[in-house]
Amino acid sequence: MFRTILSHSILVLSGMYIVFFCIDRVNTAMNFINNGITKTLLLILCLLSILLSIMNIAQRRAYTRRKRQSRRPAAGGDAQYASAHFGTVSRTVRTSSNLSGTVSRDARGERSAPSRGARPQNRTYR
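The rules behind the values
- Residues numbered from 1 in each chain as written.
- Predicted model: local features only at pLDDT ≥ 70, side-chain atom pairs only at ≥ 80, totals over all residues.
- Heavy atoms only, no water.
- UniProt positions renumbered as here; feature names shortened; annotations may be inferred.
- Helix = DSSP H or I, 4+ residues; strand = E, 2+ residues; numbered from the N terminus.
- Core = buried A, V, L, I, M, F, W, Y, C linked by side-chain atoms within 4.5 Å.
- Buried < 20%, exposed > 50% of the residue type's maximum accessible area, 1.4 Å probe, protein only.
- Contact = heavy atoms within 4.5 Å.
- Patch = residues over 30% accessible without salt bridge, like charges linked within 9 Å, V, L, I, M, F, W, Y side chains within 5 Å.
- Areas by Shrake-Rupley, 256 points an atom, 1.4 Å probe, with all protein chains shown as cover.
- Salt bridge = Lys/Arg side-chain N within 4 Å of Asp/Glu carboxyl O.
- Lys, Arg positive; Asp, Glu negative; His and termini not counted.
- Charge placed at Lys NZ, Arg CZ, Asp CG, Glu CD.
- Axes fitted to C-alpha atoms, helices over the stretch in contact; angles between N-to-C directions.
- Left-handed = near helix turned anticlockwise from the far one by under 90°.
- Nonpolar A, V, L, I, M, F, W, Y, C, P; charged D, E, K, R; others polar.

## Details of the UniProt feature "transmembrane region" (unreviewed entry) in the chain
Next up, step 1: UniProt feature "transmembrane region" (unreviewed entry): in the numbering of this structure it lies at residues 9-28 and 40-58.
Next up, step 2: The distance separating the terminal C-alpha atoms of residues 9-28 is 27 Å; by composition the span is 90% helix and 0% strand.
Next up, step 3: Taken end to end, residues 40-58 is 100% helix and 0% strand, and its first and last C-alpha atoms sit 27 Å apart.

## A short note on unusual backbone geometry
Next up, step 1: Here Asn 31, not a glycine, exhibits a phi torsion of approximately 55°, which is positive.
Next up, step 2: With respect to the helices and strands, the residue Asn 31 is situated in the loop between helix H1 (2-26) and helix H2 (36-71).

## Description of the nonpolar core
Next up, step 1: One finds Leu 6, Ile 10, Leu 13, Tyr 17, Phe 20, Leu 41, Leu 45 and Leu 52 forming the largest nonpolar core, which totals eight residues.
Next up, step 2: The set of elements that each furnish at least two residues to this core consists of H1 and H2.
Next up, step 3: Tallying contributions element by element places H1 first for this core, with five residues.
Next up, step 4: If we ignore the near neighbours within four places in the chain, the residues touching Leu 13 are Leu 41, Ile 44, Leu 45 and Leu 48.

## Some words on a positive patch on the surface
Next up, step 1: On the surface, Arg 61, Arg 65, Lys 67, Arg 68 and Arg 71 cluster together to form a positively charged patch.
Next up, step 2: Turning to its location among the elements, Arg 65 is positioned in helix H2.
Next up, step 3: In this structure Arg 65 comes out as partly exposed when scored by relative accessible area, which is 47%.

## Brief notes about the packing of H1 against H2
Next up, step 1: Where H1 contacts H2, the two axes come as close as 10 Å, and the packing angle between them is 140°. When the axes of H1 and H2 are compared, the crossing they make is left-handed.
Next up, step 2: Taken together, the residues that form the contact of H1 with H2 break down as 15 nonpolar, seven polar and two charged.

Here you go:
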């Protein structure tokens with residue numbers, strides 16, 4: 001609720017400043033930009049923008065932290081069970097392909113030898 005009020009107030013103040021700027025460019029005698037009230041409004045706009053930015057950054061970090069924690073396996077999970085009962089489990093993950101072949105990485109992230117003569121996927125030749 002507070003974030004929506006903050007967003008709307010920033011939008012209104014920004015719109016006011018655009019109107020002040022346009023009117024001041026047309027009629028400089030009205031002195032909209034170089035005014036004490038306008039300077040106070042500018043200070044309020046800047047402070048509200050900083051506050052909204054901090055709130056958005058905190059929300060994004062909390063979201064990322066929750067996503068990262070939900071992806072972590074629990075202690076004593078499937079990987080430990082599999083390595084204890086079946087030995088080291090390795091899988092090959094295809095990371096990229098080019099004209100010379102496919103470059104793969106194993107489960108530890110080490111690069112395996114490229115397979116020569118492998119045909120690149122998803123390419124259209126004319």
